[in-house]
Each structure stands twice: as C-alpha cells, then as structure tokens.
Amino acid sequence: MLTLPLSSEGNVVVFGNAESGKENLLSTIVYDIVTNHSSEEAQLYLLDFGTESLKIFGDCPHVGDVVYINDTEKINRLFEMIEKEIKKRKDALSEYNGDYGLYIKTSDEPMPEIIVVINNFEAFSENHGDKYEDILMMLTREATKYGIKFIFTASTSGAIRYRMAQNFKQKIALQLNNQDDFISILEGVRKEKTV
C-alpha cells in the first residue's frame, strides 16, 4: 500500500520509464483525491504532456482544467492564477501565523488544497521550460506552505534539475532504464532523512 501525505509532506515526483506504469499511478493518485475529498478540500490542475490519459478527469468538480502540450495560453493563465492565489493566501494566512494547517483547522472559510500535476516534465520543460523554469522553481519551493502542491512525472532523475528536485520531499522510483538513476534518487532521499 502506497501512502502519499501531500498535506504534510508536500510535493511528489514519480520517476519511471515509458513502460513503468507512472501514468497509471498518476491516474490512481488523481482518482483517490477526487473520490476521497470534496472540491472544497482539493482542487486539481492537470497538465498532461504524456498520453493525455488524464482527460478522463476533466469533468470532475475538483478539476479546474486539463491542459495539453500546445495549450500555451492556458498554461500562461494557470501560472498567473497560481501567483495571484499565493498573494491572496499570504494575506488570509497572516492572521494564522502563516500556517495553512492552522487555518484549515480553525477557519470557517474553505481554502482548498491546490494540486498541480505535470505529467511528463521533460516535454513540459522542452516546450515551455524557458518561460516557466524560474517560476516553477519558486513555486515548488514556496507554494507548499500556502496549500499548493505539485506532482510531477519524469523518465529519468536528470529530467528535473537538482535545485528544483530538492523541493520534492516525496520521490517514487518505478522501473528506470539506468541503475544510476535509482542511485541518485535514493541517495537524495537518504540525505534528506538523515539531516
């Protein structure tokens, strides 16, 4: 049984080659969120640059949008929306010592956890990385404390730059083509756990 504590542990990256089942795992994670949480508890934005299998979730009330590789304008609007939401949440959380968890426990106003999924980070980076790499670096580092989490999939450990990969506490390694990828993923996890 796999448990991914998004609320407490933050961002997740799933590594695996094309036949590893990472898209099935991603679909399972999304399905679990939409069946076990209300849309007031969780909202999803799905950027599917893989087989576009996440489109089946497009009609769920939890899903703000499903975005594909050529939807440049939608991608731009999504990142603008996230940056505005962070500013809004900073203000709202200032009365709660900046603590999203405390806000959720004590406030009557809903503030859903926002989960941004990027399936096939390599394709995203190749097509849109020049424009969004610095923004994503900041968002994956800063947004978790405001209830905004990220889930990425990638084929190799080198697909996500080391500085950004440090913003992902939860790393899952499925079948990979290169043993060195396992070593670099697991070594990073071991260092985080011993610090």
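Here's a quick rundown of the structure.

We now examine the packing of aromatic side chains. Given two aromatic rings, one states the distance between the centres and the angle between the planes to describe the pair. Under the definition given, this model contains nine aromatic pairs. Judged by centre distance (6.2 Å) and plane angle (40°), the ring pair of F79 and F124 falls under tilted. On the criterion of sequence distance, the pair formed by F79 in helix α3 (residues 72–93) and F124 in helix α5 (residues 121–142) is long-range, its members being 45 residues apart. Assigned by exposure class, F79 and F124 land together as buried. With a centroid separation of 4.7 Å and 15° between ring planes, the pair formed by F121 and F152 is classed as stacked. In this pair, F121 is assigned in helix α5 and F152 in strand β5 (residues 148–154), connecting sequence segments 31 residues apart. Considered together, F121 and F152 belong to a single accessibility category, that of buried residues. Members of the aromatic cluster, joined through ring pairs, are F49, F79, F121, F124, Y132, F150, F152 and F168.

Further remarks concern the sheet that holds strand β6 (residues 170–173). The six strands are arranged β3-β2-β4-β5-β1-β6 in an open sheet whose pairing can be described as parallel. The sheet is open, and its two edges are formed by β3 (63–67) and β6, each paired on a single side. Here the average twist between neighbouring strands, direction ignored, is 10°. Alignment of strand β2 (residues 42–48) against strand β4 (residues 113–119), held across seven bridges, turns out to be parallel. By the bridge assignment, L44 is partnered in β4 with I115. Running over the sheet, α5 touches β2, β4 and β5 and is turned about 150° from β5.

Each value, and the rule that gives it
Residues numbered from 1 in each chain as written. Predicted model: local features only at pLDDT ≥ 70, side-chain atom pairs only at ≥ 80, totals over all residues. Heavy atoms only, no water. Phe/Tyr/Trp six-rings, centres within 6.5 Å; stacked < 30°, edge-to-face > 60°. Helix = DSSP H or I, 4+ residues; strand = E, 2+ residues; numbered from the N terminus. Buried < 20%, exposed > 50% of the residue type's maximum accessible area, 1.4 Å probe, protein only. Pairing = 2+ DSSP bridges. Axes fitted to C-alpha atoms, helices over the stretch in contact; angles between N-to-C directions. Contact = heavy atoms within 4.5 Å.

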